[in-house]
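Descriptive analysis of the structure
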Amino acid sequence: MISGALGNVEAYDHAIRGLAEFLMIVLQDDANLSAIDKSKLHSNKTVSTQLVLEELRQLRSKVQSQSDIAPKDFSDEAPKEVSASFGFKEKGNMAFGNMMGSLNVIRTKEWIDKTSAHVNKLLCATFPHICVHPAKKIRQGVLAAIRGLLSNCSCTLKGSKLVLLECLCVLVCDDFDEVSEGAQEFLENLFSSSRKQSVEHDFAEIFRRLIEKLPQVVLGSDELLALSHAQQLLVLIYYSGPQFVLDHLLGSPVAAARFFDTFAVCLGQNSVFAGSLDKLILTKRTSMGYLQSVTELKANVTFTNQDDAQNKNIQYSLDGVQREYELPRMPPWFRTGSQKLYQTLAKILRLVGLSILKGLKSAAGLTVITDIQLGPLRNLVSEVRRKEYSKETWQSWYTRTGSGQLLRQASTSACILNEIIFGISDQSIDVFTRMFRKHMLKGDDKQENNCWKVCLDKATRNHLIDCIGTVLHEYQSPEVWDIPIEHKNLILQSDDEAEEISLHLFNDASMLHQVIIEGIGIFNLCLKQEFATSGYLHSSLYLLLENLIHSNYQIRSATDAVLRVISATSGYPTVGHLVVANSDYVIDSLCRQLRHLDLNPHVPNVLAAMLGYIRVAHKILPLLEEPMRAVSQELEILGRHQHPNLTVPFLKAVSEISKATKHEAFSMPSKLASFSRHIKSKMADMEKKLEENLRKSSMSHCNDVSDISAMESDDKYDEQWEDVVFKLKDSKRYRRTVGSIASSCLTAATPILSSCKESACLLALEIIEDGTAALEKVEEAYKLERESEETLLQAIQLCSLYHLQDTLNAVEEGNDENRLLPAMNKIWPFLVVCVQHKNQVAVKRCLGVVSSVVQICGGDFFSRRFYKDGSNFWKLLTTSPFYKKPISKEGPHLKLPYRSTSVSSEDSMAESSSIKIQVAVLNMIADLSANKRSASSLEAVFKRVSGLVVGIACSGVIGLRDAAVNALKGLASMDSDLIWVLLADVYYSLKKKEMPLPPTSDLPEIGQILPPPLTPKGYLYVQYGGQSYGFTIDFSSVEFVFKKLQSEVFRWQTCS
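Residues numbered from 1 in each chain as written. Predicted model: local features only at pLDDT ≥ 70, side-chain atom pairs only at ≥ 80, totals over all residues. Heavy atoms only, no water.

**Quick notes on the overall build of the chain**
- In terms of regular secondary structure, the chain is built from 48 helices and zero strands.
- In the chain, buried positions account for 52% of the 1056 residues.
- Partitioning the intrachain contacts of the chain with sequence separation of at least 6 by distance along the chain shows that 80% fall at a separation of at least 24. (Helix = DSSP H or I, 4+ residues; strand = E, 2+ residues; numbered from the N terminus. Buried < 20%, exposed > 50% of the residue type's maximum accessible area, 1.4 Å probe, protein only. Contact = heavy atoms within 4.5 Å.)

**Some thoughts on the packing of aromatic side chains**
- Under the defined criterion, the tally for this structure stands at 25 aromatic pairs.
- A centroid spacing of 5.2 Å and a plane angle of 80 degrees characterise the contact between F207 and F244, whose relative ring orientation is edge-to-face. One end of the pair, F207, is in helix 7 (residues 196-218); the other, F244, is in helix 9 (residues 242-248), with 37 residues separating them in the sequence. As far as the burial class goes, F207 and F244 line up, both buried.
- Through a chain of ring-to-ring contacts, three or more aromatic side chains come together here, namely W828, F861, F862, F866, F873 and W874.
- Looking at K777, its charged tip hangs above the ring of F666, at a distance of 5.1 Å from the centre. (Phe/Tyr/Trp six-rings, centres within 6.5 Å; stacked < 30°, edge-to-face > 60°. Lys NZ or Arg CZ within 6 Å of the ring centre and 35° of its normal.)

**Remarks on the pattern of salt bridges**
- Enumeration according to the criterion identifies 30 salt bridges in this entry.
- One salt-bridge network, in which partners are shared between bridges, spans D371, R378 and E474. (Salt bridge = Lys/Arg side-chain N within 4 Å of Asp/Glu carboxyl O.)

**Structural notes on the environment of E769**
- Position of E769 among the secondary structure elements: in helix 36 (residues 758-799).
- The spatial distance from the C-alpha of E769 to the C-alpha of S851 is 9.8 Å, given a sequence separation of 82 residues.

**Some points on the side chain of T791**
- Relative to the assigned elements, T791 resides in helix 36.
- Excluding residues that lie within four positions of it along the chain, T791 makes contacts with I679, K680 and M683.

**Things to note about helix 26 (residues 536-548)**
- Its 13 residues place the ends of helix 26 18 Å apart at the C-alpha level, agreeing with the 18 Å of an ideal helix rising 1.5 Å per residue.
- In terms of burial, helix 26 is a largely internal element, ten of the 13 residues being buried.
- Turning to helix 26, its buried residues are Y536, L537, S540, L541, Y542, L543, L544, L545, N547 and L548. (Expected span 1.5 Å × (residues − 1).)

**A look at the packing of helix 4 (residues 136-152) against helix 5 (residues 158-172)**
- Helix 5 packs onto helix 4 with a crossing angle of 140 degrees between their chain directions and a minimal axis gap of 10 Å. Taken together, the axes of helix 4 and helix 5 are oblique relative to one another. When you trace helix 4 past helix 5, the crossing you get is left-handed. Here R139, V142, L143, I146, L149 and L150 of helix 4 lie close against helix 5, whose contacting residues are K161, L164, L165, C167, L168 and L171.
- Across the contact of helix 4 with helix 5, the residue classes tally to ten nonpolar, no polar and two charged. (Axes fitted to C-alpha atoms, helices over the stretch in contact; angles between N-to-C directions. Parallel < 35°, antiparallel > 145°, perpendicular 65-115°, else oblique. Left-handed = near helix turned anticlockwise from the far one by under 90°. Nonpolar A, V, L, I, M, F, W, Y, C, P; charged D, E, K, R; others polar.)

**A few points about unusual backbone geometry**
- Even without being glycine, K391 reaches a positive phi, approximately 55 degrees.
- Position of K391 among the secondary structure elements: in the loop between helix 16 (366-389) and helix 17 (394-399).
- Its relative accessible area of 76% is what places K391 among the exposed residues.

**Focus on the confidence of the model for the chain**
- This prediction gives the chain a mean pLDDT of 78; 75% of its residues lie at or above 70.
- Long-range and interchain partners of residues 59-101, a stretch whose pLDDT sits below 50, account for 47 contacts in this model, where long-range means more than four residues apart.
- Residue range residues 902-907 is modelled with pLDDT below 50. Its contacts to residues more than four positions away, or to other chains, number seven contacts. (pLDDT = per-residue confidence, 0-100.)

**Some details on helix 29 (residues 583-594)**
- Along its twelve residues, helix 29 runs 16 Å from first to last C-alpha, staying within 8% of the 16 Å computed at 1.5 Å per residue.
- Within helix 29, burial applies to S583, V586, I587, S589, L590, C591, Q593 and L594.

**Here we look at the environment of A665**
- Within the secondary structure, A665 sits in helix 33 (residues 647-699).
- Judged by relative accessible area, A665 falls into the buried class, the value being 0%.
- If sequence neighbours within four positions are ignored, A665 has contacts with V738, A774, K777 and V778.

**As for the environment of L456**
- Relative to the helices and strands, L456 resides in the loop between helix 20 (438-442) and helix 21 (458-475).
- The class for L456 is partly exposed, based on a relative accessible area of 28%.
- Through-space distance from the C-alpha of L456 to that of I424 is 9.9 Å; in sequence the pair is 32 residues apart.
- Among all residues touching L456, those that are not within four sequence positions of it are L357, R461 and L464.

**Observations regarding the side chain of N524**
- Position of N524 relative to the elements: it lies in helix 24 (residues 503-527).
- When its relative accessible area of 0% is taken as the criterion, N524 is described as buried.
- Side-chain polar atoms of N524 contact the side chain of T569, separated by 2.5 Å.
- Beyond its immediate chain neighbours, meaning those up to four positions away, N524 contacts F531, V565, I566, T569 and S570. (Polar contact = N/O pair within 3.5 Å; in protein donor to acceptor, adjacent residues only side chain to side chain.)

**What to know about the state of the cysteines**
- Inspection of the entire model under this criterion finds zero disulfides.
- We note that C155 lacks a disulfide partner, and the nearest cysteine sulfur, in C153, lies 9.7 Å from it.
- Looking at C761, it has no disulfide partner, and the nearest cysteine sulfur is the one in C834, 3.5 Å off. (Disulfide = S-S within 2.5 Å.)

Listed below in structure tokens is the structure:
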């Protein structure tokens, strides 16, 4: 740190103010009337010299607050005359006598030119650096000095005038309001005074110099210099007005192209190498993160009017979204850590965009500018088409001269175009108002004349919409999105070609896609509601959802921000509401691309992700019949052979659809039960009214009974019962839709159960479980529908509404009452094959699915099937996890060359994995036996299952004990006597002492009823369950299990 006066802020401030005071006294324009051209002086001076000097002499005390030091407005003060010369004499003890005397000078033109040249050199060398000093107090001193010098010495110091104006422009953009407000106020006074013409001329000269040096400064190493340079250009353009931009930049298409080429160099991807190397090294891109849109889509939110109150806490406004997710963003290739520099350059482009809109009739209108910026993107599309026509590889295309540069140029042009169009939005205009009109906003006069305010008439608005439509058309070109971002996109190329591709291609393509996605959000901010009414939302939503699940985090993050912005501007509380409200357009795009999977291999992932994130697919379930039809075809044998890489993505989509059908199916029985009660209540009320009318008619001796029927079948009752009939028909139609989709899901997933691929097998099992649960509720809803229909027919006949009866009977009858068991009859053989799978995870999951579907379908249906195929399940319990099979002497079996063998086998299965599988089997037995609906499935194999479970419970495998005890409890609920006998046979055979006595002398002792076996194979559980390996009897385990069941299950059998 600098110490002493050189490093003291107060000293700096005093020095700057003192220098300015001295220069204004010596070089003020009024004192140099005889030496300079009088025509250059201004008759109306806006600030008095004496008052400026007084301001500079007012050095602030340390206790004065920062808010009391703002420069005063001297425009209303009367000017005072100041002496043009002064004298100085000192009577001190001087060593050099020649230094004594007067300081009076003769103000000749030569002296003024020589002095001003030295002063100009001093000011040009120091002020540009001091005006960006980090200390606010010093910058305030610089502002006061600039005010004084420009107000009093502008003609004498004409060589420094441009530098002082540049420094003033930098201070206008200061971060502190105390500095920026004073600078803005003074600059506006210059434009409102008689010096306006001179200032505009000076600004034009500064502008040409700034534009020429802009690329060199931005790409240089001094970021602070680049920032001040850009700020000068921004302030100069803003205060000069849109007409200045039209005259100097957009006078012709050639001039406009030259200007945008300059900015393309500044914002190009070469800027990534500019700036500090330390910042580049320390910066690390995020590889993962939190996405609000995905969270909202995953949230289990129901989109009904009843839940609006619950959704208020997740709604967000456009202003809040803009603050949290800023659009536009700094492009990913721009120089590291230069957010402020980029924002300044972007604001320049936004002002240019406003100028273009205000001068639509100029030679370089919005259409011309759009075509200029879309040129590189169109060239890129043409190059990609040429590459596809010649069947050239991506690596060869990228390494070809100019291809990579064209890709980067397209990204830069898209970035510039986004900023230009964003400048037309209301948000951009508000930013400029808050930035450059601070003193106006704080004052009483808030209706100031702002030349940048744009009022769009209908014709201008339509022209803007057409231009944005042209840009979106180019942004959504298939060729742009066909450029690969990762190796996964190269499905059609060989592995060798994919490995050779440079990572620079992926990086350049990902940055282009990110900028295009952000452009969609920017166009939405500009058009707001018209973005949807013009059809742009419908054409862009699928593209956004597709990129929301992208592997590149930068693209996902940009998509997340854009979706939130679109939701806010479109009036939807969350992204989920937006997607559901426009789901028909998304499904239409999916169906269109499903027809050409070779060209769109990413569609299954998009479908699965969209349905998985929304979690309310039941709202769009009727729209999923066509996609489900195409998905089912792709999961058949021929489809899986043609596109083997798409099997798992398609299964993910089917899994989400099956979850949606399950969600809807579970809600149908309760709705139909309520509907049935409503019909019965309505019919009961009608019967009461009929009895009342009959009683009244009998009392009035009216024998015309037909009047009663006519009264009951009037228009009011006709409409009410007609509504009931239509509701029932809609319920039937929707139930059949849900049942049909659930059956399609089961049909598509059933063959995949035998797949050796773990992920595919697990997804298929999940679909089977959800689909069977859905079909169960569909059949339950069918029974309630039949009950409601019978009640409704009685009411119709009672009211003689026979035309409604014909309408009700017109509903097509289908095989609605029996979907579940035929489907399970086809699924069961594949479940048996899945249990024989070598993959432990798949086997464990399959056992859980078997337990679930048996309880859903009922045990009677599976009794014969367990008797026939149950050995595939029970053999999993015959071998201890710690038992090692002896090595076969026969040697390895012959393996055919075309047979694929699994790496994992029973011999190499770890003990922990084997224990988990056996626990799953025991849990399945416990669940099936404890449930009365499914217990009958084990009746045919009850003895064998009981013997196996008892053998495991009595062994020393502690990891299986709890699961075995739980299974024994379930089996005891079916036949507790047999379970007690099997356990007692082992327990009392091993326990030689303290044998219980029979309750009466007529009964034999336990040793006579259950004699000890001669060999371990003589136990009853071995004779029932069969031979097992490795499950040796452990007396402590036998005693624990027997006493536990004795106290919890067999208590009522305990002998007294």
